[in-house]
2 protein chains.
Amino acid sequence: MQQSTEEKILAAAAKVFMEKGMAGARMQDIADEAGINKALLHYYFRSKEKLFDEIFKEVSGQLLPRLNQIIESDISLFDKIWAFCQEYISRMVENPYLPLFIVEETNKQQGAFLERHLGNKRLRLDKLAQQVQQEVARGTIKPIHPLELFLTIISMCAFPFLGKPLLQHMSGMNDDMFNAMMEARKSEVPKFIINAIKK
Amino acid sequence: MQQSTEEKILAAAAKVFMEKGMAGARMQDIADEAGINKALLHYYFRSKEKLFDEIFKEVSGQLLPRLNQIIESDISLFDKIWAFCQEYISRMVENPYLPLFIVEETNKQQGAFLERHLGNKRLRLDKLAQQVQQEVARGTIKPIHPLELFLTIISMCAFPFLGKPLLQHMSGMNDDMFNAMMEARKSEVPKFIINAIKK
DNA sequence: GTCTATACATGGATAGAC
DNA sequence: GTCTATCCATGTATAGAC
């Protein structure tokens, strides 16, 4: 193991917060998961909110850089769409709670929450936007607003994880079938999008 | 007003549960919103869980029939995609909390929750699937699994509401701009999808 | 640092008067 | 039906021994 108490707490908190959300998570759950008691949680992190902030910062801080790296790279627009879908879906398959966690907390937390956590760490779409405009001017793709394209890409990649229970209920697919579908979507989604925008 | 106490409670509960979710909602919040006290909530509905179930049943029971009506209608596949996006996005603009509410609770509630509430009320995709296969056979659209097509449609319609806070943070758009974008997406989404699948 | 015990507040639920 | 008062369990947080 060789894991410090602080690390154990952070790992346990990440698991519990991601499964149950800030409102549904109990400090007792986290203590149990970490194999310690509640008092020790407050010793390391003063309050539930502080602990939650730590987890949210860590989680969002891991995801965004990887996506930025792709979005800002020098590859062609189509390759970029392809790489983004691959990377995004792969991350979510590894951690299926992530999309709901991010979506739920960004919607529920109050006021300046996003500013506090992501203030400097927003996705940098400038380069992507530039490429889109270039390709439009060159006549290789139909006119489209870069932000709309980005929204569509992320919608197709992320939503299936959010709608998974409903989808499974509707179609009777089990977890293996779902994962197989998402594996296929790593290439189906970019193909679909490129078909939609190319001239 | 002319609203019975039970109706006031249901309206208040719907508002509070949709904003805060089952875990985050407080009976006190609902009582305040309804202008009554907690005891009366328990008089009408025995427990928080029963009240929640009532709301979830009502909400999901209103949405699905409207969507089924479109999905099972006799119009052409392309018209159907068009009508579905129009109707779905319109519903969500009216009630922006709905997507998160459904997604959150279907993910968080335990075990047979979906069976209990939607057991008989699932979306009926048979007709849509038939049409897709016909068009594929006819050579008018590229081969695509009907369920995948449906998943893509609903992803593009629903996700923007879920990712709204992140999107606004990233792009600096305000609520009016967001609503204008969704208004435009009522036609942009079906156009995009049809472009992607048509031969 | 880690534990047990406990304080203090909140939330769901009930009792009983009106 | 509707209210006030209250019970009881749970949840966050702290005190203090080791």
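Residues numbered from 1 in each chain as written. Chains lettered and ligands numbered in written order. Predicted model: local features only at pLDDT ≥ 70, side-chain atom pairs only at ≥ 80, totals over all residues. Heavy atoms only, no water.

Asker: For the relation of the copies chain A and chain B, give the residues involved together with the corresponding values.
Answerer: When chain A is brought onto chain B, the operation consists of a screw motion whose angular component is 180° and whose axial shift is 0.0 Å, with 0.0 Å RMSD remaining. As the rotation angle and translation indicate, the two copies are arranged about a two-fold axis. Measuring from the rotation axis to each C-alpha of chain A, the shortest distance belongs to A:A196, at 1.9 Å. Here 100% of the interface residues in chain A have copies in chain B that are interface residues too; the copies meet face to matching face. (Least-squares fit on C-alpha atoms with pLDDT ≥ 70 in both. Contact = heavy atoms within 4.5 Å.)

Asker: Tell me about the interface of chain A and chain B, residues and numbers included.
Answerer: With 48 residues of chain A at the interface, the matching set in chain B holds 48 residues. Together chain A and chain B conceal approximately 4,300 Å² of surface at their shared face, both sides included; 73% is due to carbon and sulfur atoms. Counting across the chain A and chain B interface gives four salt bridges. Note that A:R185 and B:E148 form a salt bridge whose closest N and O atoms lie 2.7 Å from each other. In this structure, the connection of chain A to chain B is made through eight residue pairs in polar contact (both at pLDDT 80 or more). Elements that contribute at least two residues to the side of chain A that touches chain B include exactly α1 (5-24), α6 (98-108), α7 (113-118), α9 (146-162), α10 (164-171) and α11 (175-197) of chain A. Broken down by class, the residue content of the side of chain A that touches chain B amounts to 29 nonpolar, ten polar and nine charged. (Buried area = accessible area lost by both parts, 1.4 Å probe. Salt bridge = Lys/Arg side-chain N within 4 Å of Asp/Glu carboxyl O. Polar contact = N/O pair within 3.5 Å; in protein donor to acceptor, adjacent residues only side chain to side chain. Helix = DSSP H or I, 4+ residues; strand = E, 2+ residues; numbered from the N terminus. Nonpolar A, V, L, I, M, F, W, Y, C, P; charged D, E, K, R; others polar.)

Asker: Describe the protein's contact with DNA strand D, listing the residues and the values that go with them.
Answerer: A:K38, A:K48, B:T5, B:N37 and B:Y44 are the nearest of the 16 residues found near DNA strand D. Within 4 Å of the protein, atoms of DNA strand D come from sugar and phosphate in 63% of cases. One nitrogen or oxygen atom from the main chain of A:M27 is found 3.0 Å from a phosphate oxygen belonging to DNA strand D. The side chain of B:Y44 places a nitrogen or oxygen atom 2.6 Å from a phosphate oxygen of DNA strand D. Mapped onto the surface near DNA strand D, the elements with two or more residues apiece are α3 (38-44) of chain A together with α3 (38-44) of chain B. (Near = heavy atom within 4 Å.)

Asker: Before we move on, can you summarise the protein's contact with DNA strand C with the specific residues and values?
Answerer: Taken together, 15 residues lie near DNA strand C, and A:T5, A:N37, A:Y44, B:M27 and B:K48 sit nearest. Counting only atoms of DNA strand C within 4 Å of the protein, the sugar-phosphate share comes to 64%. Looking at the surface near DNA strand C, the elements with two or more residues in it are α3 of chain A together with α3 of chain B. If one sorts the elements of the surface near DNA strand C by residue count, α3(A) sits on top with four residues. In terms of residue class, the surface near DNA strand C is built from eight nonpolar, four polar and three charged.

Asker: Before we move on, can you summarise the UniProt feature "DNA-binding region" (unreviewed entry) in chain A with the specific residues and values?
Answerer: Mapped onto the present numbering, the UniProt feature "DNA-binding region" (unreviewed entry) falls on residues 26-45 of chain A. The distance from the first to the last C-alpha atom of residues 26-45 of chain A is 14 Å, and the span holds 75% helix and 0% strand. (UniProt positions renumbered as here; feature names shortened; annotations may be inferred.)

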